[in-house]
Amino acid sequence: MELQGTVKKLFDAQTFASGFQKREMVILTQEQYPQPINIEFLSDKISLLDNLTEGETVKVGINIRGREWVSPQGETKYFNSITGWRVEKVTDNASEPTQASPSQSASPVSNENPFAGDDDDDLPF
């Protein structure tokens, strides 16, 4: 899946005791009701955020992941996360809709009635 939006916030990389690393960013979608979407980048993918700045428009390749967790009391809960795996900067020109220009006809258009001289009426009614 892909999401497109403006980079709202870039967070610093986090390193955990196990050596696992993640870095998060929030993009603001570009739709009627913009949504701030938090996206995680894991391990070797955190470097994808190095050349980004807040305010840039990006297209992000994502995966949606789900997890099940059982509490010590036996209650089961479900969690979702959005993980990024690709980031493309979007230029302003590419995000604007383009308009098709009218095409030029190869042959001149005639306003003459092609049936004007045809007196042979072969219609049955």
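Here's a quick rundown of the structure. Nothing here was measured: the structure is a model prediction, and the numbers come from that model. (Residues numbered from 1 in each chain as written. Predicted model: local features only at pLDDT ≥ 70, side-chain atom pairs only at ≥ 80, totals over all residues. Heavy atoms only, no water.)

### Regarding the overall build of the protein
Stage number 1. Looking only at helices and strands, one finds one helix and six strands in the protein.
Stage number 2. Mapped in sequence order, the helices and strands of the protein form the string β-β-β-β-β-β-α.
Stage number 3. Here the protein holds 125 residues, and 23% of them are scored as buried.
Stage number 4. Pairs at least 24 apart in sequence give 49% of the contacts found in the protein among residues at least 6 apart.
Stage number 5. Only carbon and sulfur atoms are counted for the fraction: they give 49% of the accessible area of the protein, which is about 9900 Å². (Helix = DSSP H or I, 4+ residues; strand = E, 2+ residues; numbered from the N terminus. Buried < 20%, exposed > 50% of the residue type's maximum accessible area, 1.4 Å probe, protein only. Contact = heavy atoms within 4.5 Å. Areas by Shrake-Rupley, 256 points an atom, 1.4 Å probe, with all protein chains shown as cover.)

### Some remarks on the packing of aromatic side chains
Stage number 1. This structure, assessed with the given rule, holds one aromatic pair.
Stage number 2. The ring of phenylalanine 11 carries lysine 9 above its face, with NZ or CZ at 5.6 Å from the centroid. (Phe/Tyr/Trp six-rings, centres within 6.5 Å; stacked < 30°, edge-to-face > 60°. Lys NZ or Arg CZ within 6 Å of the ring centre and 35° of its normal.)

### Section: the nonpolar core
Stage number 1. One finds Met25, Ile39, Phe41, Val58 and Val60 to be the most contacted residues of the largest nonpolar core, which totals 15 residues.
Stage number 2. Elements supplying a minimum of two residues to this core: β1 (2–10), β3 (21–29), β4 (36–42) and β5 (57–70).
Stage number 3. Among all residues touching valine 58, those that are not within four sequence positions of it are Leu3, Gln4, Gly5, Val7, Met25, Ile27, Leu52, Val87, Glu88, Lys89 and Val90. (Core = buried A, V, L, I, M, F, W, Y, C linked by side-chain atoms within 4.5 Å.)

### Here we look at the side chain of lysine 22
Stage number 1. By the element assignment, lysine 22 lies in strand β3.
Stage number 2. According to the relative accessible area criterion, lysine 22 is buried, its value standing at 16%.
Stage number 3. At a separation of 3.4 Å, a polar atom in the side chain of lysine 22 contacts the side chain of glutamate 24.
Stage number 4. With residues up to four places along the chain from it excluded, the contact list for lysine 22 reads Asp12, Ala13, Gln14, Phe16, Glu40, Phe41, Leu42 and Ile46. (Polar contact = N/O pair within 3.5 Å; in protein donor to acceptor, adjacent residues only side chain to side chain.)

Just distances and angles here, no functional claims.
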